[in-house]
Amino acid sequence: MKKSRTTLRRLVAVSLSLPLVAGVATSAAVAAPGPVVAPKARAAAHFVGGFVAPTDRTSAVSTLSARSGGHRRLLASPASVDLRTSGFLPAVGDQGQIGSCATWSLAYTMMGYYAAKDHDSGAPFAPLYLYDLKVQGTAPNAGTVPEYNLAELQANGVDTQDDFFQGYYDYRTPVTAAQKANAAKFKVTGWQRLWAGTGQGPAARALVTDALAAGNPVAVGFNVYSSFMGIRDGSVQTPTSGTNYGGHMVTIVGYDDQGVTIRNQWGTGWGDRGDARLSWQFVQQNIMAAYTMSGVTSPADTGTPYAPTPSISRLSTATGATAGGTPVTVTGANLAGVTAVNVGGVPATFRLTSAGGANQLLVTTPAHAAGVAPVQLVARGGSSVATAAATFTYKAPLPTVTQLSATTASTTGGQTVTVTGTALGDVTRVTAGGVAATTVTRTSPTSLSFTVPAHAPGTGDVVLTSPAGSSVATTAGRLTWVAPAAPVVTALSVASGTTAAPTTLTVTGSGLAQTVGVTVAGVGVPFTVVGDTSLRLTVPAHAPGSGPVVVAAKYTKSLTSAATAFTWVAPAAPAITALSATSGSALAVTSVTITGTGLAQVTGATVAGVVVPVTRISDTAVKLAVPAHAPGAGPVVLKAPYTASGSAATFTWVAPPAPALSAASLATVPAGRTTVVTFTGTDLTGTSTVTVGGVAATGVTVLSPTQVRVTVPARVAGTYPVVVTNALRAASAPFSLQYAG
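Basis of the calculations
- Residues numbered from 1 in each chain as written.
- Predicted model: local features only at pLDDT ≥ 70, side-chain atom pairs only at ≥ 80, totals over all residues.
- Heavy atoms only, no water.
- Helix = DSSP H or I, 4+ residues; strand = E, 2+ residues; numbered from the N terminus.
- Rg over C-alpha atoms; globule rule 2.2 N^0.38 Å.
- Contact = heavy atoms within 4.5 Å.
- Areas by Shrake-Rupley, 256 points an atom, 1.4 Å probe, with all protein chains shown as cover.
- Pairing = 2+ DSSP bridges.
- Axes fitted to C-alpha atoms, helices over the stretch in contact; angles between N-to-C directions.
- Salt bridge = Lys/Arg side-chain N within 4 Å of Asp/Glu carboxyl O.
- Phe/Tyr/Trp six-rings, centres within 6.5 Å; stacked < 30°, edge-to-face > 60°.
- Buried < 20%, exposed > 50% of the residue type's maximum accessible area, 1.4 Å probe, protein only.
- Core = buried A, V, L, I, M, F, W, Y, C linked by side-chain atoms within 4.5 Å.
- pLDDT = per-residue confidence, 0-100.
- Parallel < 35°, antiparallel > 145°, perpendicular 65-115°, else oblique.
- Left-handed = near helix turned anticlockwise from the far one by under 90°.
- Nonpolar A, V, L, I, M, F, W, Y, C, P; charged D, E, K, R; others polar.
- Expected span 1.5 Å × (residues − 1).

(A) Representation of the overall build of the protein chain in the model. For the protein chain, the count of helices and strands is nine helices and 57 strands. A globule of 741 residues ought to have a C-alpha radius of gyration of about 27 Å, yet the protein chain, at 56 Å, is considerably larger. For the protein chain, the spread of C-alpha atoms along the three principal axes comes to 165 × 85 × 50 Å. Counting contacts in the protein chain only where the partners sit at least 6 residues apart, residues at least 24 apart contribute 66% of the total. Split by element, the accessible area of the protein chain, about 31200 Å² in all, is 57% carbon and sulfur.

Next comes the structure, spelled out in structure tokens:
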């Protein structure tokens, strides 16, 4: 019966289409694919430019004449035809932003129509399969020539949508050899180009009505304008206004006296649920090319049922619990005919769905022991082959927390909390607020206890970890850490201390055992915890003033009050009553002993603003070493921390008399060479230079206030004056030195 239906269909098609005249493209006219032509534009939510018009012209009049043998019409056409009522047309699809309109019209709509009409298996066919073959990697921004598509469909066929796992939009995944082999089972038996070129007039209308009356849809290509993009109902349109976006292909599936009904593949949101009506004027003037088919072949034509074997390319998730219930999306080929799904040999519930034109199985895993379980699809054509991509791993159940014995704990930690839940027998680790508990005790598969770790104030999750994984955080497993009451300071054993030395005091209060730090006036001080009510502090010396004693715990600190204030008091300033010497030589260090009161705290001294070394002897005496200085007087000031003595005491540097020489260690010195000579005189302490006849001597060394040793320069025989100059530039009277030859 199947073969007789196919034969009858082909006889009717041939009677309407032969003989042909020269210039009319047929199934024999195109033998190989040609170049891919880039589209003109992308518009709205769908690509426009996927139809590339033929470059030659075929007259509709010539086609009609050849078909009718010179007569106006071979058969009288009815007033209207609507192939949608046949139930054979595939559902409206959506090409999206891919230039595949020609392959949607030819492979999906027209071949799908003939397959359903003859009760063939295989439809829906895959428009993206044919598109991928023709654009040669230039998708999605490339169009195709209908003749090249039809030649491919006749020579090599098209894959089924069920086998073509790439769906409608995955143009990046190449066509496989297995898909090409499956495509060879579904071919176009023959095709004809009715006309090529616009402005064909009434002959175009006659060819369309003849084809539709014979039960044959017509694929047509034309330029799309803005007005076509905006069609939203079933009224008759002549959409030639606005911007020209490029070529597009649709299928004429009906006509009446006003125009034709087209099926577009832009989804049901366009036109009248995916269809639209175009006027006869548009058909006669604007259609650029039109094509018909004579039918399709399929395995059913040979009496062989089409029962493909399913295959799995991907599982959305490859792991799940042993209890089952894991939702898994199975992607693969030939899924429509699957009658059973087994996971590890156990039947699973499933249902067929699709995403972007690719069939998928939504599987719910059954319960199974832990381990690896192959996923197998069973269909009439056989069962899928086990592969790594078709493997599901069952894992032991994750632990869960359903209740905590306590929901609050101290920030210091240490509290024991019992957890109630499931799958707790294998728990190896417990974290609370992200911090690992140090002690975990498992008591049963539904109960364990742990010691709460220290944690900052706030709320955190209790998470249990076993070899199967970690529990999911829930409100039932939330633990809140609360800081203890802040330390309280009620009294200080000493409220003040000297600025000159540390002060030890005791702090009395409550909550002091949690102390981690103590500050006095904001400065950290050493402390010792005596008990929860007592601390011992050592307050260092400090500038005069006062500040609060603040005791800090880990997350809190004590408040301040009048009872917490500590004051540093500076001792009385040093006082000078007498100097052992009130003056000294401007050229020598003078030792001065100062007597007075409060001198034990002295840390430094100045005389006329010059810092001088000081040695503390007792609370009533210090000794100064007043250095040489220019003649003059200045105050003596003793300094202590944060205070100083007054400036009533004065020390005066006195300039000594000019130096004088009275004798030399040698009566004469050898002429022409240097000689060491010791001179005797008075006030030689500050000697800085010695000249002999105006030439400076070297190696000037003051031996005492009455002696100075020098190396006199070499001179010729004679008598030379010797002059000594001190640091104050006072010079001696000349002293004669004899050089003898």
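(B) Representation of the sheet that holds strand β49 (residues 660-664) in the model. Read across the sheet, four strands follow the order β49-β51-β55-β54 without closing on themselves; strand pairing throughout is antiparallel. The sheet is open, and its two borders are formed by β49 and β54 (698-704), each paired with just one other strand. The average angle at which neighbouring strand axes cross in this sheet is 30 degrees, direction not considered. As defined by bridge partners, β49 adjoins strand β51 (residues 675-682) across four bridges and the pair is classed as antiparallel. Paired with A664 across the two strands is F679, which belongs to β51.

(C) Spotlight on the sheet that holds strand β25 (residues 440-444). Reading across from one edge, β20-β22-β26-β25 is the order of the four strands in this open sheet, with antiparallel pairing throughout. Each edge of the sheet is formed by a strand with only one pairing partner; in this case those strands are β20 (400-404) and β25. Averaged over all adjacent pairs, the angle separating strand axes in this sheet is 30 degrees, with direction ignored. Two strands pair when backbone bridges link them, and β25 and strand β26 (residues 447-451) are joined in this way by four bridges, in the antiparallel orientation. When the sheet's bridge partners are listed, S444 is paired in β26 with S447.

(D) Layout of the pattern of salt bridges. Overall, the coordinates contain eight salt bridges when judged by the stated rule. By sharing partners, the salt bridges in this structure join D82, R84, R263 and D275 into a single network.

(E) View of the packing of aromatic side chains. The full count for this structure, using the stated rule, is 20 aromatic pairs. Pairing F228 with W270 gives two aromatic rings, centres 5.0 Å apart and planes at 40 degrees, and the pair type is tilted. Separated by 42 residues along the polypeptide, F228 in helix α8 (residues 226-229) and W270 in the loop between β8 (259-263) and β9 (275-279) bring together distant segments of the chain. According to the relative accessible area criterion, W270 is buried, its value standing at 4%.

(F) Summary view of the environment of T674. On the secondary structure map, T674 appears in the loop between β50 (668-670) and β51. Of the residues examined, T674 reaches a relative accessible area of 53% and is grouped as exposed. C-alpha of T674 to C-alpha of R263: the two residues are 411 residues apart in sequence and 129 Å apart in space.

(G) Focus on the nonpolar core. Ranked by size, the top nonpolar core spans 74 residues in total, and within it L153, W195, F222, F228, V260, I262 and M293 carry the most contacts. Ranked by the residues each element gives to this core, the list is headed by helix α3 (residues 101-117), at nine residues. In this view, F228 contacts F222, P239, H248, I262, N264, W266, W270 and L278; residues no more than four positions away in its chain are not counted.

(H) The confidence of the model for the protein chain, seen in detail. Summarising the model, the protein chain shows a mean pLDDT of 89, and 93% of its residues fall at 70 or more. pLDDT under 50 marks residues 1-24. Its contacts with residues more than four places away, or in other chains, come to 43 contacts. For residues 31-43, every residue scores under 50 in pLDDT, and the model assigns this stretch 36 contacts once sequence neighbours within four places are set aside.

(I) A look at the packing of helix α4 (residues 127-135) against helix α5 (residues 146-155). Following both chains from N to C, one finds α4 and α5 inclined at 115 degrees, their axes separated by 11 Å at the closest point. Put simply, α4 runs roughly perpendicular to α5. Crossing of α4 over α5 shows right-handed handedness. Together, L130, L133 and K134 of α4 and Y148, N149, E152 and L153 of α5 make up the contact between the two elements. Its residues assigned to classes, the contact of α4 with α5 comprises four nonpolar, one polar and two charged.

(J) Representation of the side chain of T499 in the model. Here T499 shows up in the loop between β31 (496-498) and β32 (503-510). Among residues more than four places away in sequence, those in contact with T499 are A541, H542, A543, P544, W568, V569, A570, P571, P641 and Y642.

(K) Spatial organisation of the environment of G458. With respect to the helices and strands, G458 occurs in strand β27 (residues 458-466). Taking relative accessible area as the criterion, G458 reaches 27% and is therefore assigned partly exposed. Note: C-alpha distance between G458 and T408 (50 residues apart in sequence) is 9.7 Å. Residues within four places of G458 in sequence aside, it is in contact with L479, T480 and W481.

(L) Molecular detail of the side chain of S534. The topology assignment puts S534 in strand β36 (residues 534-539). What S534 contacts, discounting residues up to four positions off in sequence, is T506, V507, L512 and V529.

(M) Broad picture of helix α7 (residues 202-213). Given a rise of 1.5 Å per residue, twelve residues ought to cover 16 Å, and the 16 Å separating the end C-alpha atoms of α7 matches this to within 8%. Taking burial as the measure, the twelve residues of α7 include nine buried ones, the bulk of the element.

(N) View of the pairing of β26. Counted residue by residue, β26 has four buried out of five residues, so it is predominantly covered. The pairing of strand β22 (residues 416-422) with β26 spans five bridges and is antiparallel. Residue T418 lies in a different strand from β26, and its bridge partner there is S449.

(O) Here's a closer look at the packing of α3 against α5. At a closest axis distance of 9 Å, the pairing of α3 and α5 adopts a crossing angle of 40 degrees. If you check the angle between α3 and α5, you find them oblique. The way α3 lies across α5 gives a crossing that is right-handed. Residue-level inspection shows A102, T103, L106, A107 and M111 of α3 in contact with α5, the latter providing P146, N149, L150 and L153.

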